[in-house]
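Residue-level structure breakdown
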Amino acid sequence: MSFPLVNAHTHSEWNASKNLGYGDGMIPWIRRVLSYQSRDQEPASPETTISTMAKQGITHLADHTANSRRPIPSSIRILRYREFLRDQLPEGFSSLSGDEGLAPHSLHTVFPSVWETLSGLPEDVPLSVHAGESKEERELFETGSGPLAELLLERNYPSDQITFLKGRTPCSILNQYGLLRPTTLIVHGMHLFERDYHLIAESGATLCLCPLSNRSIGTAFGSGSASRRHTVERLRLIDRLDLSLAVGTDSLLSSPSLSLAANGELLLEFGLDREKLERAFRNVSFFPSAEIE
Ligand SMILES: [Zn+2]
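Report follows, based on the coordinates. Model, not experiment: these values are computed from the prediction. (Residues numbered from 1 in each chain as written. Predicted model: local features only at pLDDT ≥ 70, side-chain atom pairs only at ≥ 80, totals over all residues.)

Some remarks on the overall build of the protein chain
Test applied: Only DSSP runs of H or I reaching four residues or more are called helices, and only runs of E reaching two or more are called strands; each is numbered from the N terminus. What the globule rule says is 2.2 Å times the number of residues to the power 0.38, and the radius of gyration is computed from C-alpha atoms. Each residue is represented by a C-beta atom placed from its backbone, and any two residues with such atoms within 7 Å are regarded as in contact.
If you tally the helices and strands in the protein chain, you get 12 helices and 8 strands. Its C-alpha radius of gyration of 18 Å places the protein chain within 12% of the 19 Å reference for a compact globule of 293 residues. Projected onto the principal axes, the alpha-carbon positions of the protein chain cover approximately 50 × 45 × 40 Å. Long-range contacts, defined here as pairs at least 24 residues apart, represent 69% of the contacts in the protein chain between residues at least 6 apart.

Below you can see the structure in the form of C-alpha cells.
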C-alpha cells in the first residue's frame, strides 16, 4: 500500500513566474502581482507544475486555476479549483463533478452577493478559500479600514464590500452560508480570529498552511522576534484545537520554491509536532470521496 503525499495549495498558472515576495508585507506584494499580471503574462502550462511535483513524489495536488482548460492526463491526482474574483463565477459552477472544485478567491475579493448564491451548492463540491493571510486583512475585518480597504476602493470594489466584512470574521461568514464543510480548505490562516479556528475545528474543514509563501511575503514565519512569537502562538492554538491540517507550496509568485519538504521543515522549526506534520502531508480529506488511508 502506498501512502499519499499531498500538496494542498498551488496556482499552476503562476509557476513559471519569478518570486515577487520580498518580505515587505502583503500590500506591496499585491501591488507587484497586479503590475506583473497587467503585463499580459502568458500563464504557465500545467506540465511545469506536474513534473516538479512528480519529482518530489507528490501523489495529490490541489490547484487553483482561472481557466477552463481540461486537465491533462497525469500520474498525480489533481483537484482543480476554479478560482474567481468579484462576481465572476465560472460557467458551469453549479454542476462541477469529479476532481473539480470552486475557489472563491477570498472573503474580501469576492462580492457579498456571491456567498448567498454559493449557499445552494451541493455539499460535496470542494471549496478552497484564501483567508487570514495577513494582518492587513485582519484589520479590514476588525475596523473596515486600513491599507487593504484602501486598496479595494482603489480597485473599484463597491464600498458595501467593506461594510459587509466589518465586525465579522472570514470563517463565520462562510459558516453562515453553509460553506464551511469537511470538504472546505481554508488557505494560509495565520491571521484568522480565534473564533475562526474554533469554527474550522467544529466543521471538520481543513486548514492549509503555506509557510514558505508567508515568510517570503513577510506575513508570518519570519525570523524577527515579533513574527516568530505570532507564528508560534498560532501554531500552538492550531495544535490545541487539533485542526485538520494540510500543507501547500503556494505558487512561485509568492514563494521562492515549490518544495513541500522545505515547507515542512519550516513548520517543524516553528514548533509543529512532527507527527501532525506527517498527518498533514497525508491528508486527503478535502478530496472528493476521500480515500481511506
Ligand atoms: Zn494562493
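Read on for the rest.
Describing the nonpolar core
The tendency in soluble globular proteins is for nonpolar side chains to be buried side by side. Convention followed: Buried Ala, Val, Leu, Ile, Met, Phe, Trp, Tyr and Cys residues whose C-beta atoms connect them within 7 Å together make up a nonpolar core. Residue burial here comes from a neighbour count, namely the number of other C-beta atoms, placed from the backbone, that lie within 10 Å of the residue's own C-beta, with 20 or more meaning buried, 12 or fewer meaning exposed, and in between meaning partly exposed.
Among the nonpolar cores identified, the biggest contains 62 residues, and Leu185, Ile186, Cys208 and Val247 are the most heavily contacted of them. Sequence-distant contacts of Leu185, defined by excluding residues within four places in its chain, comprise Ala8, Ala62, Leu127, Ser128, Thr206, Cys208, Ala246 and Phe286. Formed by 8 residues, the second largest nonpolar core is a distinct cluster that contains Trp29, Leu252, Leu253 and Leu258.

Describing the environment of Asn19
With respect to the helices, strands and loops of the structure, Asn19 is situated in the loop between β1 (6-10) and α1 (26-38). Once residues lying within four places of it in the same chain are set aside, the contact partners of Asn19 are Ser216, Leu252, Ser255 and Pro256.

A short note on helix α4 (residues 135-143)
Note the cut-off: Arc definition: it is the arc formed by the directions from the helix axis to the C-beta atoms.
When α4 is considered as a whole, its buried residues turn out to be Glu136, Glu137, Leu140 and Phe141. For α4, the buried positions fall inside an angular range of 140 degrees around the axis, keeping them on one side. Of the surrounding secondary structure, the elements contacted by the buried residues of α4 are α1, α5 (147-154), α6 (159-165) and α7 (170-176). In the stretch just after α4, Gly144 is the one whose phi turns positive, near 70 degrees.

Comments concerning the packing of α4 against α5
The following threshold applies: Convention adopted: a line fitted to C-alpha atoms gives each axis, helices being fitted over their contacting stretch, and angles between N-to-C directions are expressed from 0 to 180 degrees. What sets the label is the angle itself: under 35 degrees gives roughly parallel, over 145 gives roughly antiparallel, 65 to 115 gives roughly perpendicular, and the rest give oblique. Each residue gets one of three labels, nonpolar for Ala, Val, Leu, Ile, Met, Phe, Trp, Tyr, Cys and Pro, charged for Asp, Glu, Lys and Arg, and polar for the others, Gly among them.
The contact between α4 and α5 brings their axes to 7 Å, and the two run at 80 degrees. Taken together, the axis directions place α4 and α5 in an arrangement best described as roughly perpendicular. Residues Glu136, Glu137, Glu139 and Leu140 of α4 form the contact with α5, whose own contacting residues are Pro147, Leu148 and Ala149. Among the residues forming the contact of α4 with α5, the class breakdown is 4 nonpolar, no polar and 3 charged.

A few points about unusual backbone geometry
Even without being glycine, Arg86 reaches a positive phi, approximately 50 degrees. In this fold, Arg86 is placed in the loop between β3 (77-84) and β4 (100-104). In this structure Arg86 comes out as partly exposed when scored by C-beta crowding, with 16 C-beta atoms within 10 Å. One non-glycine residue, Asp242, lies in the positive phi region at around 50 degrees.

Let's talk about the packing of helix α11 (residues 260-269) against helix α12 (residues 274-281)
Note the threshold: Crossing handedness is read from the near helix: turned anticlockwise from the far helix by less than a right angle, it gives a left-handed crossing, and turned clockwise, a right-handed one.
With their axes 10 Å apart at the nearest point, α11 and α12 run at an angle of 150 degrees to one another. Here α12 runs roughly antiparallel to α11, going by the angle between their axes. The chirality of how α11 crosses α12 is right-handed. When α11 is examined against α12, the residues Gly264, Leu267 and Leu268 are found in contact with a partner set consisting of Arg274, Leu277 and Phe281. Grouping the amino acids of the contact of α11 with α12 by side-chain chemistry returns 4 nonpolar, 1 polar and 1 charged.

Considerations on the pairing of strand β6 (residues 184-188)
Filter applied, for reference: Two strands are said to pair when DSSP picks up at least two bridges between them. Handedness of a crossover is defined as follows: orient the strands so they point away from the viewer, and if the path from the first strand over the helix to the second runs clockwise, the crossover is right-handed.
Counting buried positions along β6 yields 5 of 5 residues, so the element is predominantly enclosed. The sheet contact formed by strand β5 (residues 127-131) and β6 spans 5 bridges and is parallel. By the bridge assignment, His130 is partnered in β6 with Val187. Pairing of β6 with strand β7 (residues 206-209) involves 3 bridges; the strand directions are parallel. In the strand pairing of β7, Val187 is matched with Cys208. In this region the chain leaves β6, passes through helix α8 (residues 194-203) and returns to the parallel neighbour β7; the handedness of that crossover is right-handed.

The analysis is restricted to geometry; functional conclusions fall outside its scope.
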